[in-house]
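Descriptive structure summary
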Amino acid sequence: MKEWSWLAVSVLLLALGIGTLFNYWSGSATIGLSWPLSGAGVTMSGSATGLGAAMGLLSILLGLIALLVSAVHAVLARFRARP
């Protein structure tokens, strides 16, 4: 696969995993923005359980692996000799 294909697969897997975790999330999440930025914060309290949590984490892990493969392919493509 080309480098852009690995990147597209990794983005889709990461989005699928994060979306699955948010779908199965039970609890609360708050985001507090302030100025200066040192006072900003994100608070998440809750859990994701069941098959959705496992599939979300697996999808995120596979997305990170695909992102790493994409980065390695991109670096190696820079050093490949072109005729």
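Residues numbered from 1 in each chain as written. Predicted model: local features only at pLDDT ≥ 70, side-chain atom pairs only at ≥ 80, totals over all residues. Heavy atoms only, no water.

Considerations on the overall build of the protein chain
Where we set the bar: A run of DSSP states H or I qualifies as a helix once it reaches four residues; a run of E qualifies as a strand once it reaches two. Both are numbered from the N-terminal end. In this setup the radius of gyration rests on C-alpha atoms only. A globule is expected at 2.2 Å times the number of residues raised to 0.38. Relative accessibility decides the category of a residue: with a 1.4 Å probe and only protein chains considered, values under 20% of the type maximum give buried, values over 50% give exposed, and everything between is partly exposed. Residues are treated as being in contact if the distance between any of their heavy atoms lies within 4.5 Å.
Of regular secondary structure, the protein chain possesses two helices and two strands. When the elements of the protein chain are put in sequence order from the N terminus, they spell out α-β-β-α. The C-alpha radius of gyration computed for the protein chain amounts to 18 Å, which surpasses the reference 12 Å derived for 83 residues by more than 25%, pointing to a less compact arrangement than a globule. Reported as C-alpha extents along the three principal axes, the dimensions of the protein chain are approximately 55 × 40 × 10 Å. Each of the 83 residues in the protein chain was classed as buried or not, and the buried ones make up 17%. Pairs at least 24 residues apart make up 58% of the contacts formed inside the protein chain by residues separated by at least 6 positions.

Remarks on the confidence of the model for the protein chain
Filter applied, for reference: Note on scores: pLDDT gives the predictor's confidence for each residue, bounded by 0 and 100.
Averaged over every residue, the pLDDT of the protein chain is 85; the share at 70 or more is 94%. Within the protein chain, the lowest mean pLDDT, 79, falls on strand β1 (residues 25-32), and the highest, 90, falls on helix α2 (residues 51-79).

Considerations on the side chain of T20
Among the secondary structure elements, T20 is positioned in helix α1 (residues 3-23). By relative accessible area, T20 is classed as buried at 19%. Every residue in contact with T20, bar those within four places of it in the chain, is listed here: G52 and G56.

Notes on the environment of W6
Following the sequence through the fold, W6 ends up in helix α1. As a C-alpha pair, W6 and R80 span 74 residues in sequence and 18 Å in three-dimensional space.

Some words on a nonpolar patch on the surface
As a reminder, the rule being used: A patch is a set of surface residues, each over 30% in relative accessible area and not in a salt bridge, joined within 9 Å for like charges and within 5 Å for the nonpolar side chains Val, Leu, Ile, Met, Phe, Trp and Tyr. What sets the accessible areas is the Shrake-Rupley method with a 1.4 Å probe; for residues, cover comes only from the shown protein chains. A carboxyl oxygen of Asp or Glu within 4 Å of a side-chain nitrogen of Lys or Arg is what we treat as a salt bridge.
On the surface, I18, F22, I31, L33, V42 and M44 cluster together to form a nonpolar patch covering roughly 700 Å² of accessible area. The set of elements that each furnish at least two residues to the nonpolar patch consists of α1 and β2 (41-48).

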